[in-house]
Each structure stands twice: as C-alpha cells, then as structure tokens.
Amino acid sequence: PFMTTRRDFLKQMGTAMAVKAVVLPDDYNQYDLSFKMIVIGDAGVGKSCLTSQASKGIFEESYSATVGFEFLVFNVKLNEKVIKLQIWDTCGQELYRSLISSFYRNSSLAMMVYAINNKESFMHIESWLKEVKLQSNPDIKVFLIGNKSDLEEERQVTLEEAKTFKEEHGIHYFSEASAKNGINAKEVFIEAAKLLYLEHLKYKDVNFQKLGNDKNDVLIPVKVSKKNSNRKKGGCCG
C-alpha cells in the first residue's frame, strides 16, 4: 500500500508556502488522497452557490434552496499530489437539521458559511459550531467563510467581528468570499485541501485502506500501531 512520512513530504514540498496549487476539473478521476468535508450555515447564505462557483465556475442567479444535501467534488493538485475534496453541501433549514447531523460523521473539515449582509446568519454561527463539536470527531478542522463580499454596501458583519470570533473559538481559517464574482471562492477550498494534506502528514507511518475495487476509489489513511503493525486504527479523514 501507499505510504508516506512527514520527512518525505517536507523534502518534496519544502514549506506550506511553497506549495503550488492547480485547480483541476471536477470530473478529473485520478487522485492521490481524498477528504470528506461538509458545508454548513443558515439557509440563503449562498453555500450552494459558493461550492458551485469553486468546483464548476458557475454562479446561478436564481436561488433554489437545497433540500437535504448536494454532493460536489473539488480537485486540486498541490505540487505533484492530487487532492480530491468530497463536498457535502447541506441545507440550512431548521426542518432538516437532524438530517444534517449524519453528515458530520467522518468529515475532515467543516466549512461554516454566513452572509456579510445578514447579521442573523453570523449570530447563528456559534450554534453551528456547537453542533460541529457535538456531532463530529474531535480532530475536525473548521473554516469560517463570510460569503457575499460583493455586497459591501449592505454589510452588517464587519471583518473585525469575524476575525475576533475566529480567534476566540480557535477556528483554523477565516476569509470573505463572493460566490457571485468568484473572489476567493476557489481559494477557500484550496486552503482546505492544503490544511488537510498537511494534517494528514502528521502521521509518520500511514497505510491506506481502500474502499471498493475500482482503482480510483477513496483511500482512507489509517495509523499503524507501533505495538502491533497488523492492527489498524482510525485515520484522519473520511
């Protein structure tokens, strides 16, 4: 099976700042690593538009609320490694909150989205964060994204408020973005891929358990016990 070490990575990649990122088509079917992430937030903040803009370069003017969830893929090449993000774009309506909880399981990263022109959606982020911590594994990474940055004249949430929230709650990354004009739409998912890749490399010895028989099926890293190399433990991503 494929194995990697942190030393191998540092030798190949240099530093995180030196990583060259190239976004690949969403139907690109060859990759080295795959990570599951979930996109959450209130209804109407533009979660689906943001993921669609990032993965397909498409913005739909007409809004249609997501029912349940949508599945999208974001592929990015970090130097010589292709990372596949399996994105679960969830609905924001309270009616479906119990359904969403099942998608937290085995997610490597949760991207919480609010709209900068909707103060209420920002105030609800704390509730979403509590749900992430309650339903997800303790190692999950959390991003905070302020969408609709193109609506500056309608701004209700300041950058300072969001940055303070990030620092106070130990969130791994914050940025504002615009699904409409594409500003930072791809970048936030590239940063997600970078962080998950680097986090993955904290495992000095990693074996990969393959799901399915196809050569492109998802590979799940599992840490090998030093006491018993034949006994596998849960890995860092799903």
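Computed from a prediction, not measured in an experiment: that's the story for all the values here.

Engineer: Outline the pattern of salt bridges, supporting the account with residue identities and numerical values.
Structural biologist: Where charged atoms of side chains with opposite charge meet at close range, the side chains can pair. Enumeration according to the criterion identifies six salt bridges in this entry. A salt bridge links Glu 167 to Lys 166; the nearest nitrogen and oxygen atoms lie 3.1 Å apart. For Glu 191, the salt bridge identified is with Lys 194, shortest N-O distance 3.8 Å. Within this pair, Glu 191 and its partner Lys 194 are both found in helix α7 (residues 185-200), separated by three residues, close to a single helical turn. Given the relative accessible area of 28%, Glu 191 is considered partly exposed. When salt bridges that share partners are traced, they join Glu 152, Arg 155 and Glu 176 into one network.

Engineer: Which residues make up the sheet that holds strand β5 (residues 109-115), and what are the values?
Structural biologist: As summarised here, the arrangement of the seven strands in space is β1-β3-β4-β2-β5-β6-β7, forming an open sheet in which the pairing is mixed. The strands lining the two open edges of the sheet, one partner per strand, are β1 (21-24) and β7 (173-176). Across the sheet, the mean angle from the axis of one strand to that of its neighbour is 25°, orientation sign disregarded. Summarising the sheet, strand β3 (residues 69-78) and strand β4 (residues 81-90) pair through 10 bridges and their orientation is antiparallel.

Engineer: Any chance you could break down the packing of helix α2 (residues 47-56) against α7 for me, citing the residues and the numbers?
Structural biologist: Packing of α2 against α7 leaves a shortest axis separation of 8 Å and a crossing angle of 80°. Comparing their axes, α7 and α2 come out roughly perpendicular. Taken together, the residues of α7 that come into contact with α2 (itself represented by Leu 50, Thr 51, Gln 53 and Ala 54) are Ala 185, Lys 186 and Phe 189. Within the contact of α2 with α7, the residues separate by chemical class into four nonpolar, two polar and one charged.

Engineer: How would you summarise helix α6 (residues 159-168) if you had to cite specific residues and measurements?
Structural biologist: For α6, the full list of buried residues reads Ala 162, Phe 165 and Lys 166. Projected onto a plane normal to the axis of α6, the buried residues spread over an arc of 100° and lie on a single side. Residues Glu 160, Glu 167 and Glu 168 are exposed on α6 and point more than 90 degrees away from its buried face. Elements in contact with the buried residues of α6: β5, α4 (119-123), α5 (125-135), β6 (141-147) and β7.

Engineer: An account of the nonpolar core is needed here, citing residue identities and associated values.
Structural biologist: Ranked by size, the top nonpolar core spans 34 residues in total, and within it Met 37, Ile 83, Leu 85, Met 111 and Phe 189 carry the most contacts. By residue number, the principal contributor to this core is α7, which donates eight residues. Each residue touching Ile 83, except ones within four places of it in the same chain, is listed here: Leu 33, Phe 35, Phe 74, Asn 75, Val 76, Leu 78, Ala 193 and Tyr 197. Counting 22 residues, the second largest nonpolar core, distinct from the first, contains Ile 40, Ile 125, Leu 144 and Ala 162.

Engineer: How would you summarise the packing of aromatic side chains if you had to cite specific residues and measurements?
Structural biologist: In the structure shown here, the tally under the stated rule is five aromatic pairs. When the centroid spacing of 5.8 Å and the interplanar angle of 65° are considered together, the rings of Phe 122 and Phe 165 count as edge-to-face. You can see Phe 122 sitting in helix α4 and its partner Phe 165 sitting in helix α6, a full 43 residues away along the chain. Pair check on accessibility: Phe 122 and Phe 165 agree, each one buried. In textbook terms, an aromatic cluster arises when at least three aromatic residues are bridged by ring pairs, as seen for Tyr 114, Phe 122 and Phe 165.

Parameters at a glance
Residues numbered from 1 in each chain as written. Predicted model: local features only at pLDDT ≥ 70, side-chain atom pairs only at ≥ 80, totals over all residues. Heavy atoms only, no water. Salt bridge = Lys/Arg side-chain N within 4 Å of Asp/Glu carboxyl O. Helix = DSSP H or I, 4+ residues; strand = E, 2+ residues; numbered from the N terminus. Buried < 20%, exposed > 50% of the residue type's maximum accessible area, 1.4 Å probe, protein only. Pairing = 2+ DSSP bridges. Axes fitted to C-alpha atoms, helices over the stretch in contact; angles between N-to-C directions. Parallel < 35°, antiparallel > 145°, perpendicular 65-115°, else oblique. Contact = heavy atoms within 4.5 Å. Nonpolar A, V, L, I, M, F, W, Y, C, P; charged D, E, K, R; others polar. Arc of directions from axis to C-beta. Core = buried A, V, L, I, M, F, W, Y, C linked by side-chain atoms within 4.5 Å. Phe/Tyr/Trp six-rings, centres within 6.5 Å; stacked < 30°, edge-to-face > 60°.

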